[in-house]
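Structural overview for review
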Amino acid sequence: MPELREADDVYILDLGDDENRFSPDWLKTVHSLLDTVVDAPSPGALVTTGQGKFYSNGLDLDWLLNNYDQLDSYRTEIHELLARVLTLPVPTVAAINGHAFGAGAMLALAHDFRVMRADRGYFCFPEADINIPFTPGMAALIQGKITPAAAIASMTTGRRFGGDQARDLGLVDETAPEADVVRNAAEIVRPLAGKDQATLSAIKSTMFATAVAALRARAVAATTPTKP
């Protein structure tokens, strides 16, 4: 399960040591750890990473197959995590240690910056190959973060991009050897720690207003009672 540690105003959120799929328990734990980061006595910065082969493989399809009646609420929870990270009131960077697929890749894109392992691992939106269309919120998030050309190349093809390919396309900002991914990520955001949280959150919310509104539209619909 995810764990949090802190070093010199940078919080390292370890997403786990398996495929780090978005199970309901995993989502609750990540939100709780994000609360710790946001509520810290002094404003810091956030790095997320995984262990081993995976950053995150996104949706927990095994859980979903056994709980398909909860699809709407599950999708709402995922949208909320993406919206929250997109507007988190601290500087954020994803240290992509391995594979980032589907919603896991979207989580990485929701950060301010991304550093990816250079020699192994893929950044991929497989939706076109697994017959799962992007929700409007997910599409808005991706298109709000990368160029139209990169969106076409990644969203419509299902291609797997290695670190250098992902960097060249603009999916990530830089690459690094495995041993340096987290350290380089921390070096990006450590000088940015200490910024006023209300101001930073307002800036991000304005920058990505379209994506945030699209991600949270389903949450509003899901919690609004229907007329009899």
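Residues numbered from 1 in each chain as written. Predicted model: local features only at pLDDT ≥ 70, side-chain atom pairs only at ≥ 80, totals over all residues. Heavy atoms only, no water.

Our next topic: the sheet that holds strand β6 (residues 99-101). Spatially, the 4 strands line up as an open sheet ordered β4-β6-β8-β9, and their pairing is mixed. Where the open sheet ends on each side, the last strands, each with one partner, are β4 (54-56) and β9 (160-161). Together, β4, β6 and β8 (123-124) form the strand contacts of helix α4 (residues 103-110), whose direction differs from that of β6 by roughly 100°. (Pairing = 2+ DSSP bridges. Helix = DSSP H or I, 4+ residues; strand = E, 2+ residues; numbered from the N terminus. Contact = heavy atoms within 4.5 Å. Axes fitted to C-alpha atoms, helices over the stretch in contact; angles between N-to-C directions.)

Our focus in this paragraph is the sheet that holds strand β7 (residues 113-117). On the basis of which strands lie adjacent, the open sheet formed by 6 strands has the order β1-β2-β3-β5-β7-β10 and mixed pairing. The open sheet is flanked by β1 (3-7) and β10 (174-176), the only strands paired with a single partner. Within the sheet, the average angular offset between the axes of one strand and its neighbour, ignoring direction, is 25°. Of the strand pairs in this sheet, β7 and β10 are connected by 3 bridges, and their pairing is parallel.

Taken as a whole, this structure holds 4 aromatic pairs when the rule is applied. Pairing Trp-63 with Tyr-74 gives two aromatic rings, centres 5.0 Å apart and planes at 40°, and the pair type is tilted. Of this pair, Trp-63 sits in helix α2 (residues 61-66) while Tyr-74 sits in helix α3 (residues 71-86); the two residues are 11 residues apart in sequence, bridging distant segments of the chain. Under the relative-accessibility criterion, Tyr-74 is labelled buried at 2%. Aromatic pair Phe-125 and Phe-134: ring centres 6.1 Å apart, planes at 80°, arrangement edge-to-face. Taking relative accessible area as the criterion, Phe-125 reaches 1% and is therefore assigned buried. Clustering of aromatic rings is evident, with ring pairs tying together Phe-123, Phe-125 and Phe-134. (Phe/Tyr/Trp six-rings, centres within 6.5 Å; stacked < 30°, edge-to-face > 60°. Buried < 20%, exposed > 50% of the residue type's maximum accessible area, 1.4 Å probe, protein only.)

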